[in-house]
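Per-entry structural report
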Amino acid sequence: MGIRSLISLIRRNKERIAKHLFALSASAAIAAVGLICVFLFMQGLPAMWDIGIFNFLTGTDWQPDWTPPRFGILPMIVGSLYVTAGAILFGVPTGIFAAVFMAKFCPAPLYKILKPAINLLAGIPSVVYGYFGMVVLVPFVRENFGGNGNSILTASILLGMMILPTIITISESAIRAVPGEIYDGAVALGASHEHATFRVILPAAKSGVMASVILGIGRAVGETMAVRMVAGNQAVLRMPHEFIRGVRTLTANIVLELGYAYPGDHRPALIATGVVLFVFVMLINTLFAILKKKEGV
Amino acid sequence: MEKVSKFSLKDVNLWYSDFQALKNINMEIPANFITAFIGPSGCGKSTLIKSLNRMNDLIEGCRITGDILLDNESIHGNIDVNMLRKRVGMVFQKPNPFPMSVFDNVAYGPRTHGIKSKFRLNEIVEKSLCDAAIWDEVKDRLKKSALSLSGGQQQRLCIARALSVQPDVLLMDEPTSALDPISTAKIEELVIKLKDSYTIVIVTHNMQQATRISDRTGFFLLGELVEYGKTERIFSVPKDKRCEDYITGRFG
Ligand SMILES: Nc1ncnc2c1ncn2[C@@H]1O[C@H](COP(=O)(O)OP(=O)(O)OP(=O)(O)O)[C@@H](O)[C@H]1O
Ligand SMILES: [Mg+2]
């Protein structure tokens, strides 16, 4: 078959070929998720079984070097929950207000600076955030709140900053997507710009804003490098009022110890930590999907 | 007896950047009348109606000269624009209910203007929906989303919403152009009923509609008010050739 006839064959079947190409790319993505799932569960589940699922999830001691070792990850589960909740506390209101400002109040010249700045914020590697946390936030917390500065509070503030770009960008486009007629309708009733924005436009954009928050939460739960640089990383179960003390998250647990895991259950237990993290992220995504379906984003 | 003017327009000129959309408009719009604006597309009907509650303020590059008096007081002078818009309500061409419940749609206006009492709000919502002839259709679904209503119902809801802040004037920019004949008939009936308590200005492309409901008609062409007078007179013995051509459908 000559090259000419090959080309004409491709031409004639362009659409079918494209379709298969797309299908192939899509399956690659699915295969990646599937493989991760399989390996994670294959290596993690037996360890969980060995340790006892209940002991593993609710044990408060994480002591891989004891004999026998203890593998309880409750401190880390709670740690992840604390810093995520903290990130929500700092990041969500700030992000939403920033998005409203950008979409409805920002003068054009300022917007030209603000928008790229926020895009840049999204692109900064997490280790750089971590460094910023170490040199700025840690001393700040130490001096103003006490403790050594490596704490739940510090990690929460830092994570709150890191989820800002996600929340701002997605919320802003959700707010902009609200039809202008809706705004006109509110203003025509004698509502002020502020009133129309906060009572009509923002509620109308609520599903998109919710989506941004959930994606932000996903980012906070999964963040590793920056958190481990400022959180103190003690595998100790903390109470909420101990927010100026250190904590270890699920992600930090894995990355801190995987490099020098002891023989036996240690390494599988770390992978099992990954399984728990995976389930968390899956729950968040499911929540996202449900919301999306309900609101028709 | 000469009617009292609700609006007096004096030498109104309006520009969008450097395009002049209204040219030297002088007209008196009488109180408790239905005044219809007619004219071909792009002649400035929407522009003029939006000038009456200063919705044009929202458009960048829009400039207006001359004066518009509402009850003998300039709407460009020492007046709170939000209070102006409360007095001069507006219904848009495309129904634009807020994406919230039927109740909240109608309660939004009163809430904006500081009414908090649940009892009072219930009262206002019911009265507005009744006045807009839609109460019977929605009274069992006040908590449902307004977006679940039909187009005609949505438009009447928007009328109810406009009535909820007790305006003096109702501006309607082609309120029935997106609706079926039955919804249109309902709204026309409603508009006639509302005339007793409100001054109504309506833009329409439908000549029959103008003759059916309006007392006064203004014919616009390229930003000018070509002819203005009693509706029967305009449609029976138009003075201007262009107006005659337009209403008899020979325009173009
Ligand atoms: N925001 C704007 N910026 C610039 N020009 C505009 C703007 N709005 C309207 N115009 C122009 O002003 C003129 C009058 O527009 P207007 O919308 O008032 O016409 P209309 O009589 O309501 O027409 P239609 O019957 O199609 O609704 C048109 O030439 C239009 O192109
Ligand atoms: Mg128009």
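Residues numbered from 1 in each chain as written. Chains lettered and ligands numbered in written order. Predicted model: local features only at pLDDT ≥ 70, side-chain atom pairs only at ≥ 80, totals over all residues. Heavy atoms only, no water.

**Quick notes on the overall build of chain B**
- Counting its secondary structure elements, chain B contains 10 helices and 10 strands.
- Computed over C-alpha atoms, the radius of gyration of chain B comes to 18 Å, within 12% of the 18 Å expected from 2.2 N^0.38 for 252 residues, which places it in the range of a compact globule.
- Taken along its principal axes, the extent of the C-alpha atoms in chain B is 55 × 40 × 40 Å.
- Taken across its 252 residues, chain B has 55% of its residues classed as buried.
- When contacts within chain B are restricted to residue pairs at least 6 apart in sequence, those whose partners lie at least 24 apart make up 66%.
- Carbon and sulfur atoms make up 51% of the accessible area of chain B, which amounts to about 11300 Å² in all.
- Of note, chain B has its 34 positive side-chain charges centred 3 Å away from the centre of its 31 negative side-chain charges. (Helix = DSSP H or I, 4+ residues; strand = E, 2+ residues; numbered from the N terminus. Rg over C-alpha atoms; globule rule 2.2 N^0.38 Å. Buried < 20%, exposed > 50% of the residue type's maximum accessible area, 1.4 Å probe, protein only. Contact = heavy atoms within 4.5 Å. Areas by Shrake-Rupley, 256 points an atom, 1.4 Å probe, with all protein chains shown as cover. Lys, Arg positive; Asp, Glu negative; His and termini not counted. Charge placed at Lys NZ, Arg CZ, Asp CG, Glu CD.)

**Points about the side chain of Thr 84 of chain A**
- With respect to the helices and strands, Thr 84 of chain A occurs in helix α4 (residues 74-105).
- Look past the residues within four positions of Thr 84 of chain A in its chain and what remains in contact with it is Ile 217, Ala 220 and Val 221 of chain A.

**Let's talk about helix α4 (residues 118-131) of chain B**
All names here are of chain B.
- Here α4 contains 14 residues, and its C-alpha end-to-end distance of 20 Å stays within 8% of the 20 Å for a straight helix at 1.5 Å per residue.
- For α4, the complete set of buried residues consists of Leu 121, Ile 124, Val 125, Ser 128 and Leu 129. Along the axis of α4, the buried positions cluster into a sector of 120 degrees, meaning they face one direction only. The exposed set on the far side of α4, more than 90 degrees from its buried face, consists of Phe 119 and Lys 127.
- Among the residues trailing α4, Ala 133 stands out with phi positive, at a value near 55 degrees. (Expected span 1.5 Å × (residues − 1). Arc of directions from axis to C-beta.)

**Points about the nonpolar core**
- Ranked by size, the top nonpolar core spans 105 residues in total, and within it Phe 7, Leu 9, Ile 25 and Met 27 of chain B carry the most contacts.
- Each of domain 1 (3-51) and domain 2 (70-295) of chain A accounts for three or more of the residues forming this core.
- Those residues in contact with Met 27 of chain B, other than ones at most four positions away along the chain, are Phe 7, Ser 8, Leu 9, Phe 37, Leu 48, Phe 220, Leu 225 and Tyr 228 of chain B.
- Core analysis: the next-biggest nonpolar cluster, separate from the first, contains 43 residues, Ile 38, Leu 129, Met 172 and Leu 190 of chain B among them. (Core = buried A, V, L, I, M, F, W, Y, C linked by side-chain atoms within 4.5 Å. Domains from an automatic or database assignment.)

**Describing the sheet that holds strand β2 (residues 19-30) of chain B**
Residue and element names in this part refer to chain B.
- Ordered by their spatial adjacency, 4 strands build an open sheet running β2-β1-β4-β5, and the pairing between neighbours is antiparallel. The sheet is open, and its two borders are formed by β2 and β5 (73-74), each paired with just one other strand.
- Pairing analysis gives 2 bridges linking strand β4 (residues 62-70) to β5, with the strands arranged antiparallel. Its bridge partner being in β5, Leu 69 is matched across the sheet by Ser 74. (Pairing = 2+ DSSP bridges.)

**Notes on the interface of chain B and chain A**
- Every contact between the two is made by 22 residues of chain B and, on the other side, 17 residues of chain A.
- Summing both sides of the interface, chain B and chain A together bury roughly 1500 Å²; the carbon and sulfur share of this comes to 69%.
- Across the chain B-chain A interface, the total number found is 1 salt bridge.
- Viewed at the interface, chain A and chain B are joined by 4 residue pairs in polar contact (both at pLDDT 80 or more).
- Those elements that place two or more of their residues in the side of chain B that touches chain A are α2 (81-87), β6 (88-91), α3 (102-112) and α6 (151-163) of chain B. (Buried area = accessible area lost by both parts, 1.4 Å probe. Salt bridge = Lys/Arg side-chain N within 4 Å of Asp/Glu carboxyl O. Polar contact = N/O pair within 3.5 Å; in protein donor to acceptor, adjacent residues only side chain to side chain.)

**Considering the sheet that holds strand β10 (residues 224-230) of chain B**
Residue and element names in this part refer to chain B.
- Taking strand neighbours across the sheet as the criterion, the 6 strands line up as β6-β7-β8-β3-β9-β10 in an open arrangement whose pairing is mixed. Edge positions in the sheet fall to β6 and β10, since each of these pairs with one other strand and no more. Averaged over all adjacent pairs, the angle separating strand axes in this sheet is 15 degrees, with direction ignored.
- In this sheet, strand β9 (residues 216-221) lies alongside strand β3 (residues 34-38) in parallel orientation, the contact comprising 4 bridges. Its bridge partner lying in β9, Ala 36 is registered against Thr 217.
- Packing against the sheet, helix α1 (residues 45-52) makes contact with β3, β6, β7 (169-173), β8 (199-203) and β9, and its axis sits at approximately 155 degrees to β7.
- Strands in contact with α6 are β6 and β7; relative to β6, the strand with the most contacts, it is inclined by about 170 degrees. (Axes fitted to C-alpha atoms, helices over the stretch in contact; angles between N-to-C directions.)

**As for helix α10 (residues 206-222) of chain A**
- Taking 1.5 Å as the rise per residue, α10 of chain A with 17 residues should run 24 Å; its terminal C-alpha atoms sit 24 Å apart, in good agreement.
- Taken as a whole, α10 of chain A has its buried residues at Ser 207, Gly 208, Val 209, Ala 211, Ser 212, Val 213, Ile 214, Gly 216, Ile 217, Ala 220 and Val 221 of chain A.

**A short note on the pairing of strand β1 (residues 5-16) of chain B**
Residue and element names in this part refer to chain B.
- As paired elements, β1 and β2 share 8 bridges and run antiparallel to each other. Bridging from a neighbouring strand, Val 12 pairs with Ile 25 of β2.
- Of the pairings in the sheet, the one linking β1 to β4 comprises 8 bridges and is antiparallel in character. The residue bridging Leu 9 from the neighbouring strand is Ile 68, located in β4.

**Focus on the pattern of salt bridges**
- According to the stated counting rule, one finds 22 salt bridges over all chains in the structure shown.
- Put simply, Lys 6, Asp 71, Arg 87 and Asp 168 of chain B are held in one network by salt bridges that share partners.

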